[in-house]
Amino acid sequence: MCRHLAYLGPPRTLHELLYAAPHSLHVQSWAPRQQRYGTVNADGFGVGWYPEGTETAEPLRYRRAMPIWGDSSFADAARAIGSGCVLAAVRDATVGFGSEESGAQPFRADRLLFSHNGAARDDQALLTGMAAPFPPDALDARAPVDSAPLFAHAVRAWRTSGDLTDALARAVHRARELSEGRYNLLASDGEVIVGTTAGDTLYTLRRDEGVWLASEPFDDGRGWRQIPENSVVVATREGTDVRPLG
């Protein structure tokens, strides 16, 4: 349904992370190689990044309700924006949901960036069982998409425990109790990137002191490692840990 990517490491420009590779997220928007559901990701895109050398508490975002290939101005601006932690996604909207900007991810709350690759069979069950109470100051939790209840649940768990890995795992477990679906989640707090494999592909790569999590490889170079299904992967600057989702 979507393709997403997260990066943590030495500062790189958004252009390098999203456009420069031979099979970049930009290319995956119209020609994904491993997408199991849907064929093109033309229903919006977004990127969130943590600014370097500022006191900004929250990550910054750029989101549009259009294909990433149609926004040439952002492609230019991306050459001048650098960060050591980035999360981005291109969207293939779930049937029944529109392509307005509010549905483009990543979602944001405090220092948290969040993306969902997948879909729920019963989106109303997720809305009823996971959305309320809406987390304060997390407006994306009210977005009219099936990803929003997952985000709401993850934000509440993260704010309670401070454990991003546990928050994503709890969101997947609760979602599975309510509805069949695909729940590949990806999130960051600026210090760590965390992903789940619950119905779709996810890969990790360590290269040049940086680490990536991505729905599919952006090149054919060595080092890509596919994360097993029903896993949660935690990547820091120092190492990568893969454990059962449970």
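Conventions used here
- Residues numbered from 1 in each chain as written.
- Predicted model: local features only at pLDDT ≥ 70, side-chain atom pairs only at ≥ 80, totals over all residues.
- Heavy atoms only, no water.
- Helix = DSSP H or I, 4+ residues; strand = E, 2+ residues; numbered from the N terminus.
- Rg over C-alpha atoms; globule rule 2.2 N^0.38 Å.
- Buried < 20%, exposed > 50% of the residue type's maximum accessible area, 1.4 Å probe, protein only.
- Contact = heavy atoms within 4.5 Å.
- Areas by Shrake-Rupley, 256 points an atom, 1.4 Å probe, with all protein chains shown as cover.
- Core = buried A, V, L, I, M, F, W, Y, C linked by side-chain atoms within 4.5 Å.
- Axes fitted to C-alpha atoms, helices over the stretch in contact; angles between N-to-C directions.
- Parallel < 35°, antiparallel > 145°, perpendicular 65-115°, else oblique.
- Left-handed = near helix turned anticlockwise from the far one by under 90°.

### Observations concerning the overall build of the protein chain
Thinking step 1. On a plain count of helices and strands, the protein chain comes out with six helices and 13 strands.
Thinking step 2. Taking 246 residues into account, the globule formula puts the C-alpha radius of gyration at 18 Å, and the protein chain, at 16 Å, falls close to it.
Thinking step 3. For the protein chain, the spread of C-alpha atoms along the principal axes amounts to about 40 × 35 × 35 Å.
Thinking step 4. Out of the 246 residues in the protein chain, the part that is buried amounts to 57%.
Thinking step 5. Residue pairs at least 24 apart in sequence account for 68% of intrachain contacts in the protein chain once pairs closer than 6 positions are excluded.
Thinking step 6. Accessible area for the protein chain stands at about 10000 Å²; split by element, carbon and sulfur atoms hold 49% of it.

### Examining the nonpolar core
Thinking step 1. Residues Phe114, Leu150, Phe151 and Tyr183 are the most contacted members of the largest nonpolar core, which totals 35 residues.
Thinking step 2. Among all residues touching Phe114, those that are not within four sequence positions of it are Leu87, Gln105, Pro106, Phe107, Ser147, Leu150, Phe151, Ala154, Leu168, Leu185, Leu186 and Ala187.
Thinking step 3. Ranked by size, the runner-up nonpolar core spans 24 residues in total, among them Tyr7, Phe45, Ile68 and Ala75.

### A closer look at the packing of helix 4 (residues 123-131) against helix 6 (residues 164-178)
Thinking step 1. For the pair helix 4 and helix 6, the least separation of the axes is 9 Å and the interaxial angle reads 130°. With respect to helix 6, the element helix 4 is oriented oblique. Seen along the crossing, helix 4 lies across helix 6 with a hand that is right-handed. Every residue of helix 6 that contacts helix 4 at Ala125, Leu126, Gly129 and Met130 is listed here: Ala171, Arg174, Ala175 and Leu178.

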